[in-house]
Amino acid sequence: MQNYSFFCYYSNNHYSFADLFFGQWTDCRLHMRIFKERKLLTQWLRGERSAGKTIGFVPTMGALHAGHLALVHRARRENDLGVCSIFVNPIQFDKADDLATYPRMPAKDLALLESAECDAVFCPDTEEMYPEKVQKKFDFGHLDKVMEGKHRKGHFNGVAIVVDKLFNIVTPHRAYFGEKDFQQLQIIRTMVKMEGHQTAVVGCPTVRESDGLAMSSRNARLTSEQRKEAPRIYKALLKAKQLFPAQSAEATQLQVISDINASPLLEVEYCEIVCPDTLLPIKQFRNGKVAVCCVAVYAGTVRLIDNLAINS
Ligand code: PAF
């Protein structure tokens, strides 16, 4: 384990990060605050806000990569304070297996956040986030009936519930989300309007590996063979962008599916070309009308998603 230690605010005592996660103490103190209790985070933020500071927030489920860190850097640049949360939200998983195997690496995450100069991190446990049974049901109409929503029942309700709760706790001025989770971004924008949050939702460009694969916590679960094949996804999207002006959406989708499925290690779950605001299908290229091609692909049991605006 690296020799990192952080201030952790837990029932008014200071615990080191190492103590919390490994039952050991180290003695180097860095500047990031770690909160496990919402009450203490809220208290601290209230003080900062009344001193006139703005808060930029990055909600995550951990297993952080350069994509998350780009969000943290932007939150720090555009606000006085950068706050991040790490919480693997059980109610947004539709498969117990997927929840159980979701990568968890808290030591590395906290070290990365500290090096990104994140000011505070909220890492609650499930009881802290959900002291009572979750009942709330959002009605997103068409937005959660397609693509991810269609294939992962209840997923977006779970995402909306946790982000709504996190926004109530952190009350950020701005919150930062990656455009890789394109449909999630539309759902969160809609939830923010429904719930009257005063937070500006900022969508940030997908960060890619040098071979084009969109960064994702799930990439850590790919075998080396699957990892070699996975960049086909982005290549197929780039080809769709070239082809779309001259052919129908349907032909473009079929091309994307066949390019990706040409690898025996990859299998497309869906490929849709949609309007970014309504997520309604787009049938034909039209000058000036943005269309986004969205895909979900299985590499063994690992599910990868990606998207690209194909007529911008
Ligand atoms: O995108 C994610 O990592 C999660 O869906 C989010 C927004 C942190 C909610 O759990």
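Treat the numbers as computed from the prediction; the structure is a model and nothing was measured. (Residues numbered from 1 in each chain as written. Predicted model: local features only at pLDDT ≥ 70, side-chain atom pairs only at ≥ 80, totals over all residues. Heavy atoms only, no water.)

Chemist: When you look at the side chain of Asp109 in this model, what are you seeing that I'm missing?
Modeler: If you trace the backbone, Asp109 turns up in helix H5 (residues 106–115). As a buried residue without a salt bridge, Asp109 has its nearest oppositely charged side chain in Lys108, at a separation of 6.5 Å. One polar contact links the side chain of Asp109 to the main-chain amide nitrogen of Leu64, over a distance of 2.9 Å. Dropping the residues within four chain positions of it, Asp109 is found in contact with Gly62, Ala63, Leu64 and Ile86. (Helix = DSSP H or I, 4+ residues; strand = E, 2+ residues; numbered from the N terminus. Buried < 20%, exposed > 50% of the residue type's maximum accessible area, 1.4 Å probe, protein only. Lys, Arg positive; Asp, Glu negative; His and termini not counted. Salt bridge = Lys/Arg side-chain N within 4 Å of Asp/Glu carboxyl O. Polar contact = N/O pair within 3.5 Å; in protein donor to acceptor, adjacent residues only side chain to side chain. Contact = heavy atoms within 4.5 Å.)

Chemist: Please explain the sheet that holds strand E9 (residues 267–274) as it appears in this structure.
Modeler: In any sheet, the strands associate via hydrogen bonds between backbone groups, in a parallel or an antiparallel arrangement. Sheet architecture is open: three strands sit in the order E9-E10-E11, paired in antiparallel fashion. The outermost strands of the open sheet, each flanked by one partner alone, are E9 and strand E11 (302–309). Averaged over all adjacent pairs, the angle separating strand axes in this sheet is 15°, with direction ignored. Relative to strand E10 (residues 292–299), E9 runs antiparallel, the two being bridged by seven bridges. Looking at the pairing, Val274 lines up with Val292 of E10. Helix H11 (residues 232–243) rests against E10 and E11 of the sheet, and its axis sits at about 25° to E11. (Pairing = 2+ DSSP bridges. Axes fitted to C-alpha atoms, helices over the stretch in contact; angles between N-to-C directions.)

Chemist: Honestly, the pattern of salt bridges in this entry has me stumped. Any pointers?
Modeler: Once their charged atoms are close, side chains differing in charge can pair, the charge on each being opposite to the other. In total, this model carries 18 salt bridges according to the counting rule given. With a closest N to O distance of 3.9 Å, Asp94 and Arg152 form a salt bridge. Linking Asp94 in the loop between strand E5 (81–86) and helix H4 (96–101) with Arg152 in the loop between helix H7 (147–151) and helix H8 (155–170), this pair joins segments that are 58 residues apart in sequence. The salt bridge partner of Asp98 is Arg152, with a shortest N-O separation of 3.7 Å. Highlighted residues: Asp98 in helix H4 and Arg152 in the loop between H7 and H8, separated in sequence by 54 residues.

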